[in-house]
Amino acid sequence: MTNQFKSDKAEEIYHLTNKIREKNTAGCPQKNSGCGCNWVGLGLLAGSFIVFFLIVFVGFSLIESNFLENTAKHEEMFKSLAIKYSKLKNKSQKPKDSVIFDKVYNFKPLICYETPDRNNRCVARINYNIPEARQPKTPNEANPIIRLTIINERTHKTRDSEVPIYDIIIDYIDVNKNMIVFTQKIKGDPQDYTDNRIKPGTIPITQAQKAISDIMRYTPDFAWIDSY
């Protein structure tokens, strides 16, 4: 290979490289032009985030709509029963004085809100986490009624502000006795600084579900755990 051949090839590569560089920069001026390629990349990235957000938002909206539609019949069937026991004050003198705790596997609980949620639903969402075999199919089968009352009587003070604290009162109502036979309170304020602490300003529905499932002896299915 002669020096002249090498020189010609080098010249050819040099011109070819320049052509490619000019082609790439034709539609994308340098930074000092005020329209850098970085803006195009940032625009594409922002667009991707927006599309992703819309997909997630629409997806959750569809899931929510499907949930409300699929549980509408159940809500309609048990709403009057939930309302009936929503204001019951009659309490047993003996805590847990009921066969619903002695023969717990024979009973089918109905978990209700004392006050309807944001969708005007009286049946709590965690009710649908009860295994199907333990769920009442008619109002006559529902016993006990487990009533959730969400209260906000305290605040959590931080350096800059006060955060509302939500607690949950759980009443177990024996339908046959027509009285509250057991009550639990789930505190919503942080008790310690472990990873499992309840953050102030949230409704501790997960802890309420655990308390109920421990008492009624069932393992919750995955369905809905939702703030009130």
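Above this text sits the structure in question.
Below or above, wherever it landed, is the structure these notes cover. (Residues numbered from 1 in each chain as written. Predicted model: local features only at pLDDT ≥ 70, side-chain atom pairs only at ≥ 80, totals over all residues. Heavy atoms only, no water.)

A closer look at the overall build of the chain
Then step 1. Helix and strand counts for the chain come out as five helices and four strands.
Then step 2. Mapped from its N terminus to its C terminus, the chain presents α and β elements in the order α-α-α-α-β-β-β-β-α.
Then step 3. When each of the 228 residues of the chain is scored for burial, the buried share is 35%.
Then step 4. Contacts in the chain between residues at least 24 apart in sequence constitute 65% of all its contacts with a sequence separation of at least 6.
Then step 5. Accessible surface for the chain amounts to roughly 15,200 Å². Of this, 57% is attributable to carbon and sulfur atoms. (Helix = DSSP H or I, 4+ residues; strand = E, 2+ residues; numbered from the N terminus. Buried < 20%, exposed > 50% of the residue type's maximum accessible area, 1.4 Å probe, protein only. Contact = heavy atoms within 4.5 Å. Areas by Shrake-Rupley, 256 points an atom, 1.4 Å probe, with all protein chains shown as cover.)

Quick look at the pattern of salt bridges
Then step 1. Applying the stated criterion across every chain yields a total of six salt bridges.
Then step 2. Note that Glu114 and Lys87 form a salt bridge whose closest N and O atoms lie 2.6 Å from each other. Taken together, the residues Glu114 in the loop between strand E1 (108–113) and strand E2 (142–157) and Lys87 in the loop between helix H3 (72–85) and helix H4 (99–102) connect sequence positions 27 residues apart.
Then step 3. What makes Glu114 buried here is its relative accessible area of 19%.
Then step 4. Note that Arg154 is salt-bridged to Asp167, the shortest N-O span being 2.7 Å. Taken together, the positions of Arg154 in strand E2 and Asp167 in strand E3 (residues 162–174) put the pair 13 residues apart, joining distant regions of the chain.
Then step 5. Accessibility expressed as a relative area gives 27% for Arg154, which makes it partly exposed.
Then step 6. Given the relative accessible area of 2%, Asp167 is considered buried.
Then step 7. Among the ionic contacts, a cluster of salt bridges with common partners joins Arg154, Asp167 and Asp189. (Salt bridge = Lys/Arg side-chain N within 4 Å of Asp/Glu carboxyl O.)

Side note on the nonpolar core
Then step 1. With 26 residues, the main nonpolar core has Ile111, Leu148, Ile168, Ile170, Tyr172, Ile212 and Met216 as its most contacted residues.
Then step 2. Sorting the residues of this core by element identifies H4, E1, E2, E3, strand E4 (179–186) and helix H5 (205–216) as the ones contributing at least two each.
Then step 3. Considering every element that reaches this core, the biggest residue donor is H5, with six residues.
Then step 4. Residues within four places of Ile212 in sequence aside, it is in contact with Ile111, Ile126, Ile146, Leu148, Ile170, Tyr172 and Tyr218.
Then step 5. Counting 16 residues, the second-largest nonpolar core is a separate cluster that includes Phe67, Ala82, Tyr128 and Ile173. (Core = buried A, V, L, I, M, F, W, Y, C linked by side-chain atoms within 4.5 Å.)

Section: the side chain of Arg147
Then step 1. Position of Arg147 relative to the elements: it lies in strand E2.
Then step 2. Residue Arg147 is classed as buried on the basis of its relative accessible area, which comes to 6%.
Then step 3. Here the side chain of Arg147 touches Leu88 through a polar contact of 3.0 Å, landing on its backbone oxygen. (Polar contact = N/O pair within 3.5 Å; in protein donor to acceptor, adjacent residues only side chain to side chain.)

Fair warning: the whole summary comes from geometry, so function is off the table for now.
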